[in-house]
Amino acid sequence: MRRMRPQRKIDRRSNRNLKEDFSYKLIRSARRSISIEISPSGEIIVRAPKTTTIGKIEKFIAEKNGWINSHLSSADKNYRLPVIKDGAKLTIIGSEYVVRLKRCDCAFVSGDTLVLPTEETVSALYEFVKSIFLPYVTQKTLDAAKSCGFVVSGVRVGNAQKRWASCSAKKTIAYTAALAFLPDNAVQGVIMHELCHTVHMNHGRSFYGLLGKVMPDYKESEAELRRYAAFCSFFKNVKVEL
């Protein structure tokens, strides 16, 4: 018998015990305890059992006040998703484009202008980014593999929203198209990380030993990736203003 996922009730509230009366998203579900997380964009997300009172939830939040404010400060240093609107600027594979929203069938570039359709805007942007990022990241992956002695069977680009990339047991590397919005050093870090997975399919000591050998400054790249964490789900969460 197929198990049904518990229903979740989502509410938005505010708690004056927090710095500057921050609002938070409350998600109720069939769980036993209360938890708090800070999203890469700085949103406070509270998860609680269905029957827990608001008073108890907000008391818990107040007790975690120091932890919340500390993580909010860290989130303030992260890059936020842009809003797609006429005149906005988007950097894709290192090139900056000015966005123009028009009635058209697909996304295309004219000089330094990125023209996007007013309907299905995000889908059109994804297809455009995927089409130019695939050959770019494929070449960078093959060049790095050849330089460091790795073997890769294939490269794909998709729309994964919870991880930058993955490597299969058959040595096929799949990247998320959202990487196209990141600086080159961050992209290179993801490439080297996945190439090391063609040898070690885990994150053990041997994996990090190999990664440190082929990319001595990988920790700097990982730090940069954390600042761009919100971009991993770019095509799901980006907003469009017409």
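Note that this is a predicted model, so its numbers are computed, not measured.

### With respect to the overall build of the chain
Check the secondary structure of the chain and you find 7 helices and 13 strands. Put simply, of all contacts in the chain between residues at least 6 apart along the chain, 48% involve residues at least 24 apart. As displayed, the chain offers around 14400 Å² of accessible surface, 48% of which is attributable to carbon and sulfur atoms.

### Here we look at helix H5 (residues 205-214)
Looking at H5, one finds that the buried residues are Phe207, Leu210 and Leu211. Take H5 and look down its axis: the buried residues cluster within an arc of 100°, on one side only. Set apart from the buried face of H5 by more than 90 degrees, the exposed residues are Arg205 and Lys213. Those residues of H5 hidden inside the fold are in contact with helix H4 (184-197) and helix H6 (218-227).

### Some words on the pattern of salt bridges
By the definition in use, this model includes 3 salt bridges. Across the pair Arg47 and Glu37 runs a salt bridge, and its minimum N-O distance is 3.0 Å. Of this pair, Arg47 sits in strand E4 (residues 44-49) while Glu37 is found in strand E3 (residues 35-38), placing the two residues 10 residues apart along the sequence. The class for Arg47 is partly exposed, based on a relative accessible area of 22%. A relative accessible area of 32% means that Glu37 is categorised as partly exposed. The partner of Arg100 in a salt bridge is Asp86, with the nearest N and O atoms 3.4 Å apart. Note that Arg100 is positioned in strand E7 (residues 95-102) and Asp86 in the loop between strand E5 (83-85) and strand E6 (89-92), a separation of 14 residues in sequence.

### A look at the nonpolar core
The biggest cluster of nonpolar side chains holds 54 residues, and the ones touching the most others in it are Leu125, Trp164, Tyr175, Phe181, Leu182 and Phe235. Counting residues per element, this core draws most heavily on helix H3 (residues 121-148), at 10 residues. Those residues in contact with Phe181 that lie beyond four places of it in its chain are Leu90, Thr91, Ile92, Leu125, Val129, Tyr228, Phe231, Phe234 and Phe235. Grouped together as the second largest cluster of nonpolar side chains are 11 residues, Ile44, Val46, Ile61 and Ile68 included.

### Structural notes on the confidence of the model for the chain
As a note on interpretation, predicted positions should not be read in detail where pLDDT is low. With 87% of its residues at a pLDDT of 70 or more, the chain has an overall mean of 88. The spread of mean pLDDT over the elements of the chain runs between strand E1 (residues 9-14), the lowest at 51, and strand E12 (residues 172-176), the highest at 98. Throughout residues 1-10 the model reports pLDDT below 50, and contacts reaching past four residues in sequence, or to other chains, amount to 14 contacts.

### Side note on the packing of H3 against H4
Axes are the key here: two packed helices are described by the angle between their axes and the distance separating the axes. Following both chains from N to C, one finds H3 and H4 inclined at 55°, their axes separated by 10 Å at the closest point. In this view, H3 runs oblique relative to H4, as classed from their interaxial angle. As for the relative orientation of H3 and H4, their crossing is right-handed in sense. Between H3 and H4, the contacting residues are Tyr136, Val137, Lys140, Thr141, Ala144, Ala145 and Cys148 on the first element and Asp184, Gln188, Ile191, Met192 and Leu195 on the second. Of the residues that constitute the contact of H3 with H4, the class distribution is 8 nonpolar, 2 polar and 2 charged.

### Notes on unusual backbone geometry
Not every positive phi belongs to a glycine, and Glu120 is a case in point at roughly 55°. By the secondary structure assignment, Glu120 is in the loop between strand E9 (113-117) and H3. Taking the relative accessible area as the measure of exposure, Glu120 reaches 61% and is therefore exposed. Backbone geometry at Lys171 places phi at a positive 70°, although glycine is not the residue there. Topologically, Lys171 is positioned in the loop between strand E11 (165-167) and E12.

Thresholds applied
- Counting from 1, residues in each chain are numbered in the order their sequence is written.
- Reporting in this predicted model follows two pLDDT cut-offs: at least 70 for local features of residues, and 80 or more for side-chain atom pairs to be given and counted; totals over whole chains, interfaces and linings ignore these cut-offs and use all residues.
- Hydrogens are left out, water is left out, and the side-chain values use all remaining heavy atoms of the structure.
- We count a stretch as a helix when DSSP gives it H or I for four or more residues in a row; a strand needs E for two or more, and each element gets its number in order from the N terminus.
- Contacts between residues were defined by any pair of non-hydrogen atoms, one from each residue, lying within 4.5 Å.
- A 1.4 Å probe and the Shrake-Rupley method give the accessible areas. Residues count as covered only by the protein chains that appear here.
- We call a residue buried when its accessible area falls under 20% of the maximum for its residue type, exposed when it is over 50%, and partly exposed in between, using a 1.4 Å probe and counting protein chains only.
- As used here, the arc is the angular range of directions from the helix axis to the C-beta atoms.
- Should a side-chain nitrogen of Lys or Arg be within 4 Å of a carboxyl oxygen of Asp or Glu, the pair is scored as a salt bridge.
- The term nonpolar core refers to a set of buried residues drawn from Ala, Val, Leu, Ile, Met, Phe, Trp, Tyr and Cys, joined through side-chain atoms within 4.5 Å.
- pLDDT measures how confident the predictor is about each residue, on a scale from 0 to 100.
- To get an axis, fit a line to the C-alpha atoms, keeping to the stretch in contact for a helix; angles then go from 0 to 180 degrees between the N-to-C directions.
- Between 65 and 115 degrees an angle is taken as roughly perpendicular, under 35 as roughly parallel, over 145 as roughly antiparallel, and anywhere else as oblique.
- Two helices that cross are described as forming a left-handed crossing if the nearer one is turned anticlockwise from the farther one by less than a right angle, and a right-handed crossing if clockwise.
- Residues are grouped as follows: Ala, Val, Leu, Ile, Met, Phe, Trp, Tyr, Cys and Pro are nonpolar; Asp, Glu, Lys and Arg are charged; all remaining types, including Gly, are polar.

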